[in-house]
Each structure stands twice: as C-alpha cells, then as structure tokens.
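Examining the three-dimensional arrangement
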Amino acid sequence: MDAHLGTDLDTVVAQKLDVTVWQVSWRRRRLNIPPALPRSEQLSSIIAKAQPSPLPSKSDATPTERRFLVNQPQFLRAGGSYPDTEDKALTAFLERALAEAHSLDLQPIACPYSHSHHTSLTQKAHARSPRPAFYCGKCDKRFNRLTGTPLARLRHAEMMPAFVRLLSQQLPYEEACRRLGVDYKAIANWTKKFRLWLLQLDPSGRWEAKVLLGIKTRAYIQCPRCGAEGEKQFLGGSDHRGRRLICSACSTTFGVRDAELLTQQRVRLEILYDPGKVDTLTT
Ligand SMILES: [Zn+2]
Ligand SMILES: [Zn+2]
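Notes on the structure in this doc start here. (Residues numbered from 1 in each chain as written. Chains lettered and ligands numbered in written order. Predicted model: local features only at pLDDT ≥ 70, side-chain atom pairs only at ≥ 80, totals over all residues. Heavy atoms only, no water.)

1. Here's the deal with helix α5 (residues 160-167)
The buried count for α5 comes to 7 of 8 residues, which makes it a mostly enclosed element. Turning to α5, its buried residues number three or more, namely Met160, Pro161, Ala162, Phe163, Val164, Leu166 and Leu167. (Buried < 20%, exposed > 50% of the residue type's maximum accessible area, 1.4 Å probe, protein only. Helix = DSSP H or I, 4+ residues; strand = E, 2+ residues; numbered from the N terminus.)

2. Observations concerning the packing of aromatic side chains
Scanning the entire structure with this criterion turns up 7 aromatic pairs. Here the aromatic rings of Tyr173 and Tyr184 are separated by 5.3 Å at their centres, their planes lie at 65°, and the arrangement is edge-to-face. You can see Tyr173 sitting in helix α6 (residues 173-180) and its partner Tyr184 sitting in helix α7 (residues 184-201), a full 11 residues away along the chain. Among the residues examined, Tyr173 registers a relative accessible area of 1% and is labelled buried. (Phe/Tyr/Trp six-rings, centres within 6.5 Å; stacked < 30°, edge-to-face > 60°.)

3. Some details on the coordination of the zinc ion (ligand 1)
Cys111 (SG), Ser114 (OG), Cys136 (SG) and Cys139 (SG) make up the full set of protein donors to the zinc ion (ligand 1), lying at 2.1 to 2.3 Å. Relative to the metal, the 4 donor atoms surrounding the zinc ion (ligand 1) lie at angles of 96 to 121°, and the coordination shape comes out tetrahedral. In terms of primary sequence, the donors binding the zinc ion (ligand 1) are separated according to C-x2-S-x21-C-x2-C. Here the residue Ser114 occupies a position in the loop between α4 (88-101) and β1 (119-123), and Cys139 occupies one in the loop between β2 (133-136) and β3 (141-143), the gap between them amounting to 25 residues. A relative accessible area of 25% means that Cys139 is categorised as partly exposed. (Donors = N, O, S within 2.8 Å, 3.2 Å for Na, K, Ca; no water. Tetrahedral: all angles 85-135°; square planar, octahedral: opposite > 155°, others 65-115°.)

4. Some remarks on the coordination of the zinc ion (ligand 2)
At this site the zinc ion (ligand 2) is bound by Cys223 (SG), Cys226 (SG), Cys247 (SG) and Cys250 (SG), with donor distances of 2.3 Å. Taken together, the 4 donor atoms surrounding the zinc ion (ligand 2) define angles of 106 to 114° at the centre, an arrangement classified as tetrahedral. Sequence positions of the residues that donate to the zinc ion (ligand 2) give the spacing C-x2-C-x20-C-x2-C. With Cys223 in the loop between β4 (216-220) and β5 (231-239) and Cys250 in the loop between β6 (242-246) and β7 (253-255), the pair connects residues that are 27 residues apart, well separated along the chain. Given a relative accessible area of 2%, Cys223 falls into the buried group.

5. Some words on empty space enclosed by the protein
Evaluated as defined, the whole model comprises 1 cavity of 30 Å³ or more. The volume enclosed by the largest cavity comes to roughly 50 Å³. As for the largest cavity, its lining consists of Gln72, Pro73, Gln74, Gln170, Leu171, Pro172, Gly214, Ile215 and Lys216. When the residues that make up the lining of the largest cavity are grouped by side-chain class, the tally is 4 nonpolar, 4 polar and 1 charged. (1 Å grid on protein atoms, 1.4 Å probe; cavity = no way out; pocket = protein on both sides within 12 Å on 5 of 7 lines; lining within 4 Å. Points joined across faces, edges and corners; volume = space filled by probe spheres on them. Nonpolar A, V, L, I, M, F, W, Y, C, P; charged D, E, K, R; others polar.)

6. A few points about the sheet that holds β2
Read across the sheet, 3 strands follow the order β1-β2-β3 without closing on themselves; strand pairing throughout is antiparallel. Among the strands making up the open sheet, the edge pair consists of β1 and β3. Sheet twist, expressed as the average angle between the axes of neighbouring strands with direction ignored, equals 35°. Pairing between β2 and β3: 3 bridges, direction antiparallel. Paired with Cys136 across the bridge in β3 is Lys141. (Pairing = 2+ DSSP bridges. Axes fitted to C-alpha atoms, helices over the stretch in contact; angles between N-to-C directions.)

7. Side note on the nonpolar core
Ranked by internal contacts, the top residues of the largest apolar core, which has 32 residues, are Phe163, Leu167, Leu180, Ile187, Trp190 and Phe194. Of all the secondary structure elements, the ones that give two or more residues to this core are α4, α5, α6 and α7. Counting residues in hydrophobic clusters, the runner-up holds 16 residues, among them Phe68, Cys223, Phe234 and Leu245. (Core = buried A, V, L, I, M, F, W, Y, C linked by side-chain atoms within 4.5 Å.)

8. Observations concerning unusual backbone geometry
A negative phi angle is the norm for most residues apart from glycine, just as the trans form is the norm for most peptide bonds. The backbone of Asn32 shows a phi angle near 55°, a positive value even though the residue is not glycine. Mapped onto the secondary structure, Asn32 falls in the loop between α2 (21-30) and α3 (43-48). At His115, a position not held by glycine, the phi torsion is positive, near 60°. Within the secondary structure, His115 is located in the loop between α4 and β1.

9. Notes on the packing of α4 against α7
For the pair α4 and α7, the least separation of the axes is 12 Å and the interaxial angle reads 85°. With respect to α7, the axis of α4 lies roughly perpendicular. Here Leu90, Phe93, Leu94, Ala97, Leu98 and Ala101 of α4 lie close against α7, whose contacting residues are Phe194, Trp197, Leu198 and Leu201. Residue composition of the contact of α4 with α7, grouped by class: 10 nonpolar, no polar and no charged. (Parallel < 35°, antiparallel > 145°, perpendicular 65-115°, else oblique. Contact = heavy atoms within 4.5 Å.)

10. Observations concerning the pattern of salt bridges
A complete count under the given rule lists 14 salt bridges for this structure. Among the ionic pairs, Arg165 bridges to Glu86, the shortest N-O distance being 3.4 Å. Taken together, the residues Arg165 in helix α5 and Glu86 in the loop between α3 and α4 connect sequence positions 79 residues apart. Here Glu208 ties to Arg195 by a salt bridge, and the two come within 2.7 Å at their closest N and O atoms. Within this pair, whereas Glu208 is found in the loop between α7 and β4, its partner Arg195 is found in helix α7, the two being separated by 13 residues in sequence. The class for Arg195 is buried, based on a relative accessible area of 1%. (Salt bridge = Lys/Arg side-chain N within 4 Å of Asp/Glu carboxyl O.)

Set out below in structure tokens:
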C-alpha cells in the first residue's frame, strides 16, 4: 500500500486502497512522501510561452455578476468527487499575469509607488534574488515586478499554476486543501490575494467575478407544489438527475429541473457565504 502513496491525490489513493483520506495523508507524511499535485504546468514553462492577455468572452450576464451552477454540490460526502468546472479563460489570464510578474526581462518598468518612468535596472536576477530589481530616481526606492502587488510576500510560487486552476471552480476551500495538500489558511490567504490582484489588474471586476472558489450559495424558487416563494434548502448531495431542494412551507422535495419546468422560473442563486470577498474600502 505504501507504494501508492504520493502517486496520486490522497483522495484518489484512499479510494483505490479503500481506506480513509486521513489514513493516507497521515501515512504519507510519516514516510516523508510529498503530496501529488493536480496535473499542471510548471510556472517556468508558463512564463516561457506567455502570450498577450485575452479578454473575457461576452456573456449575457452583467460583467461583474458571478455565475453559479445550480447542480454543483457545495459539500460532499466522503468518497464523492466534483466535476471539473474550470474557466479556462480565467486560468489563461492569470497564467499570463503570473508570467509577467515573474518575468526576468531587464527592461525597467514604471515605479509602483509614483508610476514614474525614471527608473533603471539595478540588479539582474541571481540565485539569492530570483527577479530583476529596479530603482526609481523620483522616490529613491528599489522595487521589482511584484512590489505593490498582493503577490509580493506570497510563498509557494511553484504551486500557483495548480492553484489558479481552482479559482474559477465552485469548490469549497476544503476541497482545494485536499487537492493541493495545503491547509485551509493557505487556501483562504491565496484566494484573497488573487482576488485583490485581479481587481488591481482589471478594476472593472470582470475577471474577479469569475472567481467562485469557496463561495456558498442559497437557492430561491417558487415551490412547485404549494407556491411558497423564498429560499429553498438544498437537500444532501446530487446524483445524475441533479440536485434536490426542499420547501420549508410544505416539506415537499423536488428536483431543480422539475421545479424549473413546473414553475417556468429559473432557480436564483444568491451568495450566502463568501470568505474570500475583497473589501475594496479597506484595501
Ligand atoms: Zn517612484
Ligand atoms: Zn411548498
């Protein structure tokens, strides 16, 4: 069984060996075997083949409205798995931005403090300082491409390509922790930093609105049986027929699709919990 450890995600290994995820991760750590990361490109190769930033594709929703999938579960029972709902456009945008931020290009950039272009190169990248440093004559300050961004003190840069692929997915933080083998605090911290960075890169908020990681929603639709309006609770997990809702007024349970058909309405999802929300007033 030890031979399987670290060959795939702990959740997958646990299923294969018919043991708990906890047992797998405990044993793996005990044997000092690093966790398997979701397949993702190396940051260095992303940087190498970076291309100009794309724009988000047009959609019928307002640009800054988050779009949730009603049939996506917000919690999972043990052994379940989430479908892949990655927004490839957001991933590409962030990969491009990461490539620019980590670029080794020696051409001086504008000063992040004064936006002055009277800047010069002071140091090439070397072993102890992995990125070129610049100097602003106006501010008498040194800086690099990460200065002034939320990424300046972000550790584990090598994990960011795998992490950014999770940002657009409607997954709880706990699932992101399991997939990347890091703790809740790290996921919460990275999500906040990337949402803040997305708002810096694109103040219109169009890209930031694509981040769904960690957000939980509640559902509203008219009850197809008693007609009660208002919130309907999600019931357990989902199966191939989609998720089920329960009406608190008449205790009827019904499938999302059936309710939409019967009431001729779409289920409206509102944000119930958003742990990574960026407070633009204080930041
Ligand atoms: Zn300056
Ligand atoms: Zn009802």
